[in-house]
Amino acid sequence: MRIDTSTFDHLNGFYRPGLCLPDQLKATTVGRQTLLETLQTELLSEDKESEKTNFMIMGPPGVGKTHFIRVLALLIENNRTLASQFITIQFPEENHRILTFADLLLGIIEIIANSSSDNSWLETQSELIEKQDDSELIDAALPILENYCKQIGKKLLIILENIDVFFRGQLRDSKNIKQFKRFITKSSFATFIGTSQYNLIKTDELRRPPFNLFDIHILDVLSLDETVDLIRVTLEWNRQIELLESFDELIPRIKALYEMSGGNPRLSLILYELIAKENKWDIKRQIEKLLDQSTPFFRDRMQMLAPQERAILETIALMNLELKTATSISRSMRQSLQQTSNHLNKLLKAGYLIVTDHPNDKRSKIFRIKEGFFGLWLSIGHSREQNIILPRLVEFLEQWYTEKPAREKKRLQIWSSLQNLDDSERPDRNNQELLLKYLSDIGSIEEQVQNKFELVHYLFSVGKPGEAKILINEIYLIYYQRPYYLDWM
């Protein structure tokens, strides 16, 4: 029987998939089935005689590592064979209390104590907490865990998220790392599955502990088809019947969403709100709201990069499309072309950038930020005025309203809204006018000119001759071969 999800509408789980219902996690899992089956098969093939394997799921921020690991845990618990082979020890996503290897063992015992009906585990936990010496605690805890596994005839399947943060910030000294390495490689009663976000630019880290202790599986971004499927199953879960009935009409907008998200599942689900509520919300204002909500996510992503790489991304985000060449970027950065090219190649390899042919010079290449929403966040942070037109947002709206009837429908909706606004609602009026300016940059030249002329007439009528003159100049620049269009002006 399907669970009523209306009570849980606010629990989107963008940053905390644990807030989602288990059924929701499974229903909205897309593009991960092969890897889920691979890991289950490898766990099923483990036996007491074979050399055990530990696994790590790695990928960029927002790719869905926590979602994946929680779905995997659910599948293991619901698989009769795996459930008879393993007892799952799942740590919370954040593990700030674990500062030593001894703390890790104590955490395992705490999880067992909280899930067991045997009160002796709580007594064991209390006794171990009293031990001030880490070595003494380790010597006491390891036999307890090993004997427990022998008694129940199962191994511990320890799921530990954010292992990269765990080692770099908490378990960093060599003594604790050696203790963890010995446990993870020698203990026959424990198998680890970890997650880690990592910087592909620093691939040398994969050859050092803790990463070289694991069989690494990369969780990649979604393809366009997978993103389409993700939006569809999310609409199904949220019972958006009307949108599902016209789903084919949404494909152009999902493609635009894909360009903005770069296939990143978290960004796709954040931008999903644009599709689910587009008829109710002003799309430009909603984009600004979503950009603001995504700030912690993007800040964390920037912090993963070296200062030079952050500077290059920001420079690219602020440049006009035709200037995003290696030569122009190096000039803006005031550094050599070779130095700039080295950083650009690293960012390309790490998936931050994509490269396309220059529209006007086939010998040159254009570097663009792969996730348009990320690039828009970088550029909008430097916007000193609300009324500035952002080229990347124009590109997005052009893809979003790819069909002329959709553009006309939105324009009529805005004009109708403007007629119903009074002087006390000036911020709303300014925002609607700006959205009309964005839409006037979309479509054929004739369509752009027609809509800019309508705006010119409107702006003169509401006492904004300065803005009207700017639009007249824009009309001349894009339609200069017919200057008599402007005679009446």
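Reading the values: the criteria
- Residues numbered from 1 in each chain as written.
- Predicted model: local features only at pLDDT ≥ 70, side-chain atom pairs only at ≥ 80, totals over all residues.
- Heavy atoms only, no water.
- Helix = DSSP H or I, 4+ residues; strand = E, 2+ residues; numbered from the N terminus.
- Buried < 20%, exposed > 50% of the residue type's maximum accessible area, 1.4 Å probe, protein only.
- Contact = heavy atoms within 4.5 Å.
- Areas by Shrake-Rupley, 256 points an atom, 1.4 Å probe, with all protein chains shown as cover.
- Salt bridge = Lys/Arg side-chain N within 4 Å of Asp/Glu carboxyl O.
- Pairing = 2+ DSSP bridges.
- Axes fitted to C-alpha atoms, helices over the stretch in contact; angles between N-to-C directions.
- Parallel < 35°, antiparallel > 145°, perpendicular 65-115°, else oblique.
- Left-handed = near helix turned anticlockwise from the far one by under 90°.
- Core = buried A, V, L, I, M, F, W, Y, C linked by side-chain atoms within 4.5 Å.
- Phe/Tyr/Trp six-rings, centres within 6.5 Å; stacked < 30°, edge-to-face > 60°.
- Expected span 1.5 Å × (residues − 1).
- Polar contact = N/O pair within 3.5 Å; in protein donor to acceptor, adjacent residues only side chain to side chain.
- pLDDT = per-residue confidence, 0-100.

**Some thoughts on the overall build of the protein**
Consideration 1: Along the backbone of the protein there are 24 helices and seven strands.
Consideration 2: A total of 489 residues make up the protein; the buried ones form 48% of that total.
Consideration 3: Nonlocal contacts in the protein, meaning residues at least 24 apart in sequence, comprise 70% of its contacts between residues at least 6 apart.
Consideration 4: As presented, the protein carries roughly 24,900 Å² of accessible surface, and 49% of it is formed by carbon and sulfur atoms.

**A closer look at the pattern of salt bridges**
Consideration 1: Within the structure shown, the criterion is met by 13 salt bridges.
Consideration 2: With its nearest N and O atoms 2.2 Å apart, the salt bridge here joins Arg301 to Glu371. One end of the pair, Arg301, is in helix 15 (residues 295-303); the other, Glu371, is in the loop between strand 7 (365-369) and helix 19 (372-380), and 70 residues separate them in sequence.
Consideration 3: The exposure class assigned to Arg301 is buried, which follows from its relative accessible area of 4%.
Consideration 4: Here Glu371 falls in the buried class, since its relative accessible area comes to 8%.

**As for the sheet that holds strand 4 (residues 190-197)**
Consideration 1: Spatial ordering of the open sheet is given by 2-3-4-1-5, a layout of five strands whose pairing is parallel. Among the strands making up the open sheet, the edge pair consists of strand 2 (86-90) and strand 5 (215-218). For this sheet the average axis-to-axis angle between neighbouring strands, irrespective of direction, equals 20 degrees.
Consideration 2: As paired elements, strand 1 (residues 55-59) and strand 4 share five bridges and run parallel to each other.

**Here we look at the packing of helix 2 (residues 33-44) against helix 3 (residues 65-78)**
Packed helix pairs are specified by the crossing angle of their axes together with the interaxial distance, meaning the distance between the axes.
Consideration 1: One can describe the packing of helix 2 onto helix 3 by two numbers: an axis separation of 11 Å at closest approach and a directional angle of 45 degrees. On the basis of the axis angle, helix 2 is oblique to helix 3. Helix-helix and strand crossings are classified by hand; for helix 2 and helix 3 the assignment is right-handed. Contacts between helix 2 and helix 3 involve Leu35, Leu36, Leu39, Gln40 and Leu43 from the former and Phe68, Val71, Leu72, Leu75 and Ile76 from the latter.

**Some points on the nonpolar core**
Consideration 1: Core analysis: the largest hydrophobic core is formed by 72 residues, its most contacted members being Leu313, Phe373, Phe374 and Phe396.
Consideration 2: Ranked by residue count, the leading element in this core is helix 13 (residues 265-276), at seven residues.
Consideration 3: Among all residues touching Phe373, those that are not within four sequence positions of it are Met260, Leu267, Leu271, Ile287, Leu290, Leu291, Ser294 and Phe298.
Consideration 4: Within the second largest apolar cluster, 38 residues are counted, among which are Ala113, Tyr148, Ile163 and Phe211.

**Describing the packing of aromatic side chains**
Consideration 1: On inspection of all chains with the given rule, the structure shows eleven aromatic pairs.
Consideration 2: Between the aromatic rings of Trp121 and Tyr148, the centroid separation amounts to 4.9 Å while the plane-to-plane angle is 80 degrees, which identifies the pairing as edge-to-face. Of this pair, Trp121 sits in helix 6 (residues 120-129) while Tyr148 sits in helix 7 (residues 134-152); the two residues are 27 residues apart in sequence, bridging distant segments of the chain.
Consideration 3: With relative accessibility at 8%, the residue Trp121 sits in the buried group.

**Observations regarding helix 22 (residues 426-439)**
Consideration 1: Spanning 14 residues, helix 22 covers 20 Å between terminal C-alpha atoms, matching the ideal 20 Å at 1.5 Å per step.
Consideration 2: Counting buried positions along helix 22 gives ten out of 14 residues, so the element sits mostly inside the fold.

**Let's talk about the side chain of Arg253**
Consideration 1: In this structure, Arg253 sits in helix 12 (residues 247-261).
Consideration 2: Arg253 sits in the buried class, given a relative accessible area of 16%.
Consideration 3: Side-chain polar atoms of Arg253 contact the backbone oxygen of Trp400, separated by 3.4 Å.

**Quick notes on the packing of helix 10 (residues 224-237) against helix 13**
Consideration 1: It is at 10 Å that the axes of helix 10 and helix 13 come closest, and there the two elements cross at 55 degrees. Judged by the inter-axis angle, helix 10 sits oblique to helix 13. Considering how the two elements wind past one another, helix 10 and helix 13 form a crossing that is right-handed. On helix 13, the residues that touch Thr227, Leu230, Ile231, Thr234 and Leu235 of helix 10 are Pro265, Ser268, Leu269, Tyr272 and Ile275.

**So, the confidence of the model for the protein**
Low pLDDT means the predicted coordinates in that region are not meant to be read closely.
Consideration 1: Per-residue confidence for the protein gives a mean pLDDT of 83; residues scoring 70 or more make up 85%.
Consideration 2: Helix 10 holds the highest mean pLDDT among the elements of the protein, 94, whereas helix 8 (residues 163-170) holds the lowest, 70.
Consideration 3: Confidence drops under pLDDT 50 across residues 1-11; counting only partners more than four residues distant or on other chains, this segment forms twelve contacts.

**Re helix 5 (residues 101-115)**
Consideration 1: Between its first and last C-alpha atoms helix 5 spans 22 Å; for 15 residues at 1.5 Å apiece the expected length is 21 Å, and the two agree.
Consideration 2: Within the span of helix 5, buried status applies to Phe101, Ala102, Leu104, Leu105, Leu106, Gly107, Ile108, Ile109, Ile112 and Ala113.
Consideration 3: Residues of helix 5 that are buried in the fold lie against strand 2, helix 6, helix 7, strand 3 (155-160), helix 9 (174-186) and strand 4.

**Things to note about the side chain of Gln40**
Consideration 1: Counting through the fold element by element, Gln40 comes out in helix 2.
Consideration 2: Take Gln40: its relative accessible area is 12%, and that puts it in the buried class.
Consideration 3: In this structure Gln40 touches Leu72, Leu75, Asn79 and Leu82, once residues within four positions along its chain are discounted.

**Overview of unusual backbone geometry**
Consideration 1: Phi at Asn162 is positive, roughly 55 degrees, even though this residue is not glycine.
Consideration 2: Note that Asn162 resides in the loop between strand 3 and helix 8.
Consideration 3: In the Ramachandran plot, Arg239 falls in the positive-phi region, its phi being about 55 degrees despite a non-glycine side chain.
Consideration 4: For Arg239, a relative accessible area of 43% translates into the label partly exposed.

**Considering the environment of Phe55**
Consideration 1: With respect to the element layout, Phe55 can be found in strand 1.
Consideration 2: Apart from the residues lying within four places of it in its own chain, the contact partners of Phe55 are Leu39, Glu42, Leu43, Phe192, Ile193, Gly194, Phe214, Asp215 and His217.

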